[in-house]
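Fold and contact review
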Amino acid sequence: MARSKRAVGAGGRSARLGRTRSTVRGARRLWPYMLMAWEHWQNLSPEDKERYKKQARGYVNRGKKVLDAQRTRRPPP
């Protein structure tokens, strides 16, 4: 069975190129949504921004508590 020319002498370049293309494609698709989110954030009142920040801090604290509980139940090997 003949090997494909792509695999011969590629040395991992094709994998990196594929990841790069995929990353660029993802960034192009994501950009309009990021722009809309930024514009929405800029149009919020200061009170609403603080409310969102407080909500995000609550999520972070809740996540930290869950991780700490998991660490105490299962000590590292």
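Residues numbered from 1 in each chain as written. Predicted model: local features only at pLDDT ≥ 70, side-chain atom pairs only at ≥ 80, totals over all residues. Heavy atoms only, no water.

Bringing a nonpolar patch on the surface into the picture now. Where nonpolar side chains cluster on the molecular surface, the patch consists of Leu30, Trp31, Tyr33, Met34, Leu35, Met36 and Trp38 and spans about 840 Å² of accessible area. Among the structural elements, Trp31 can be located in helix 1 (residues 13-43). A relative accessible area of 56% means that Trp31 is categorised as exposed. (Patch = residues over 30% accessible without salt bridge, like charges linked within 9 Å, V, L, I, M, F, W, Y side chains within 5 Å. Areas by Shrake-Rupley, 256 points an atom, 1.4 Å probe, with all protein chains shown as cover. Salt bridge = Lys/Arg side-chain N within 4 Å of Asp/Glu carboxyl O. Helix = DSSP H or I, 4+ residues; strand = E, 2+ residues; numbered from the N terminus. Buried < 20%, exposed > 50% of the residue type's maximum accessible area, 1.4 Å probe, protein only.)

For helix 1, with 31 residues, the first-to-last C-alpha span of 44 Å sits near the 45 Å given by 1.5 Å per residue. Along its length, helix 1 shows its largest kink, about 35°, at Leu30, and proline Pro32 lies within four residues downstream of that point. (Expected span 1.5 Å × (residues − 1). Bend = angle between axes of the 7 residues up to and from the residue.)

A separate point is the pattern of salt bridges. For the structure on display, the rule yields three salt bridges. The salt bridge partner of Lys53 is Glu50, with a shortest N-O separation of 3.7 Å. Highlighted residues: Lys53 and Glu50, both in helix 2 (residues 46-73), separated by three residues, approximately one helical turn. On the basis of relative accessible area, Lys53 is assigned to the partly exposed category, the value being 38%. With a shortest N-O distance of 3.0 Å, Asp68 and Arg71 are connected by a salt bridge. With Asp68 and Arg71 both in helix 2 and three residues apart, the pair spans about one turn of that helix. On the basis of relative accessible area, Asp68 is assigned to the partly exposed category, the value being 42%.

Another aspect to go through is the packing of aromatic side chains. This structure, assessed with the given rule, holds one aromatic pair. On the numbers, 6.5 Å between centres and 55° between planes, the contact of Trp41 with Tyr52 is tilted. Of this pair, Trp41 sits in helix 1 while Tyr52 sits in helix 2, and the two are eleven residues apart along the sequence. On the accessibility criterion, Tyr52 (35% relative accessible area) is partly exposed. When the ring centre of Tyr52 is taken as reference, the NZ or CZ atom of Arg51 above it lies at 4.9 Å. (Phe/Tyr/Trp six-rings, centres within 6.5 Å; stacked < 30°, edge-to-face > 60°. Lys NZ or Arg CZ within 6 Å of the ring centre and 35° of its normal.)

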